[in-house]
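Listed below are the residues making up each chain.
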Amino acid sequence: MSACIDLRGVRCTLAGRTVLDIERLVVGEGERIAIVGHNGAGKSTLLRVLSGFTRPTAGQVSVLGARLDTPLPPARLRALRCEAGQVLQGLHLVPRLSALENVLIGSLGRVTGWRSWVRRYPAHEFERAHAALAEVGMLDKASMRTDGLSGGERQKVAIARLLVQAPRLILADEPTAALDPAAAQEICRVLGTATAGATLVSVVHNTALLPLLAERVIGLQQGRIVFDLPQAQLDDVQLAALYGGPSIPVRQRVDEHFKRRQHRWLHTDASAGRSPCR
């Protein structure tokens, strides 16, 4: 199995504080990895390093054969970002555009020049976008503006956009953060099916979702890897050492953290006049 990600001696510092310190991390093509740990453990920093948005203070970062610890020529960086897709907490959909138009944005690595500025996509890209929406069960909402969709529906649109992009690597930062437990499980199943064959690296807070998202789990604590295990071998002993405090079962404690985050998102969506989950 060839390496999709290869980190050697990677360190990131911020205001004199080390936020990421990884001696070695290798992820093979097609692997499904979950990253777990407390807030501030370095999870999102690791994703930013892998996406090229944060350059490490020291060390070597290789992603899809490109070195990200040194500046890349603009053309090479653009090509890399076509091959590395992201699902972020904010989803980064354009609210005033329809679900279909947002999904078509995934084709911009192939549609260049004036066509990209005026949103004149070739017919085969429209076919691809319609097929992607159908795959995530959103074809009937293709013409709706995304600011009128529920949280789960918007997440499906973001996944459909990934399908159109067809990246080799997918970086997902808490892909179910805004969803209730039932919707979160559905999105995990959709994401897993839709990204079959690609390498998937997800930041996960709700450990109950790990079997749906990952075959391998990496625990981060204070920016360092404290365990790297097959998902099937992970238990509450390792999670207790990671999250600390034996008084509450670890999965229950993490799920309660997830519910508190969900409660904040529900109020945010309600204040905007949207139904957060359907």
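Residues numbered from 1 in each chain as written. Predicted model: local features only at pLDDT ≥ 70, side-chain atom pairs only at ≥ 80, totals over all residues. Heavy atoms only, no water.

Asks: Quick question: what am I supposed to make of the overall build of the chain here?
Replies: The helix and strand tally for the chain stands at 10 helices and 10 strands. Of all 278 residues assigned to the chain, the portion counted as buried reaches 49%. Here the analysis covers contacts within the chain between residues at least 6 apart in sequence; of these, 67% occur between residues at least 24 apart. For the chain, the accessible surface area stands at approximately 12900 Å², while carbon and sulfur atoms represent 54% of it. (Helix = DSSP H or I, 4+ residues; strand = E, 2+ residues; numbered from the N terminus. Buried < 20%, exposed > 50% of the residue type's maximum accessible area, 1.4 Å probe, protein only. Contact = heavy atoms within 4.5 Å. Areas by Shrake-Rupley, 256 points an atom, 1.4 Å probe, with all protein chains shown as cover.)

Asks: I tried to follow the sheet that holds strand S10 (residues 224-230) on my own but got confused; where do I start?
Replies: Whenever strands of a sheet pair, they do so through backbone hydrogen bonds, lying parallel or antiparallel. Overall, mixed pairing links the six strands, which are arranged S6-S7-S8-S3-S9-S10 in an open sheet. The strands lining the two open edges of the sheet, one partner per strand, are strand S6 (84-87) and S10. Shown here is a sheet whose adjacent strand axes are inclined to one another by a mean of 15°, direction ignored. As paired elements, S6 and strand S7 (residues 169-173) share four bridges and run parallel to each other. The residue of S7 that forms the bridge with Gln 86 is Leu 171. Packing of helix H6 (residues 151-165) onto the sheet brings it into contact with S6 and S7, and relative to S6 it is tilted by some 180°. (Pairing = 2+ DSSP bridges. Axes fitted to C-alpha atoms, helices over the stretch in contact; angles between N-to-C directions.)

Asks: I'm lost on the packing of H6 against helix H7 (residues 181-194) in this one. Help?
Replies: Axis angle and axis distance: for two packed helices, these are the angle between their axes and the distance between the axes, and together they describe the pair. With their axes 10 Å apart at the nearest point, H6 and H7 run at an angle of 5° to one another. Put simply, H6 runs roughly parallel to H7. Judged by residue contacts, Gly 152, Gln 155, Lys 156, Ile 159 and Leu 163 of H6 engage Glu 186, Ile 187, Val 190, Leu 191 and Ala 194 from H7. Grouping the constituent residues of the contact of H6 with H7 by class yields six nonpolar, two polar and two charged. (Parallel < 35°, antiparallel > 145°, perpendicular 65-115°, else oblique. Nonpolar A, V, L, I, M, F, W, Y, C, P; charged D, E, K, R; others polar.)

Asks: Would you mind showing me how to read empty space enclosed by the protein here?
Replies: Gaps left between atoms show up when a probe the size of a water molecule is rolled over them. Overall, the coordinates contain two cavities of 30 Å³ or more when judged by the stated rule. Its volume calculated, the second largest cavity comes out at about 50 Å³. Around the second largest cavity sit Ile 5, Leu 25, Val 27, Ile 33, Ile 35, Leu 46, Leu 50, Val 201 and Ile 218, which together line it. Counting residues per element, the ones that place at least two in the lining of the second largest cavity are strand S2 (17-28), strand S3 (32-36) and helix H1 (43-51). (1 Å grid on protein atoms, 1.4 Å probe; cavity = no way out; pocket = protein on both sides within 12 Å on 5 of 7 lines; lining within 4 Å. Points joined across faces, edges and corners; volume = space filled by probe spheres on them.)

Asks: Could you clarify how one ought to interpret the environment of Ser 143 in this entry?
Replies: With respect to the helices and strands, Ser 143 occurs in the loop between helix H5 (123-135) and H6. Taking C-alpha positions, Ser 143 is 8.3 Å from Glu 101, a pair spaced 42 residues apart along the chain.

Asks: Which parts of the structure should I look at to understand the pattern of salt bridges?
Replies: Any two side chains of opposite charge can pair, on the condition that their charged atoms come close. On inspection of all chains with the given rule, the structure shows 11 salt bridges. Note that Arg 8 is salt-bridged to Asp 6, the shortest N-O span being 3.3 Å. Exposure remark for Asp 6: the relative accessible area of 14% places this residue in the buried category. The salt bridge partner of Arg 24 is Asp 6, with a shortest N-O separation of 3.1 Å. (Salt bridge = Lys/Arg side-chain N within 4 Å of Asp/Glu carboxyl O.)

Asks: I would appreciate a short explanation of the side chain of Glu 153 in the present structure.
Replies: With respect to the element layout, Glu 153 can be found in helix H6. When its relative accessible area of 10% is taken as the criterion, Glu 153 is described as buried. Here Lys 141 takes part through its side chain, which lies 2.5 Å from a polar atom of the side chain of Glu 153. (Polar contact = N/O pair within 3.5 Å; in protein donor to acceptor, adjacent residues only side chain to side chain.)

Asks: What exactly am I supposed to notice about the side chain of Glu 174 here?
Replies: Following the sequence through the fold, Glu 174 ends up in the loop between S7 and H7. A polar side-chain atom of Glu 174 sits 3.5 Å from a polar atom in the side chain of His 205.

Asks: Just to check I follow, could you spell out the packing of aromatic side chains for this structure?
Replies: Two aromatic rings, taken as a pair, are described by how far apart their centres are and by the angle between their planes. Here the structure, examined in full by the defined rule, presents one aromatic pair. When the centroid spacing of 6.2 Å and the interplanar angle of 80° are considered together, the rings of Tyr 121 and Phe 126 count as edge-to-face. (Phe/Tyr/Trp six-rings, centres within 6.5 Å; stacked < 30°, edge-to-face > 60°.)

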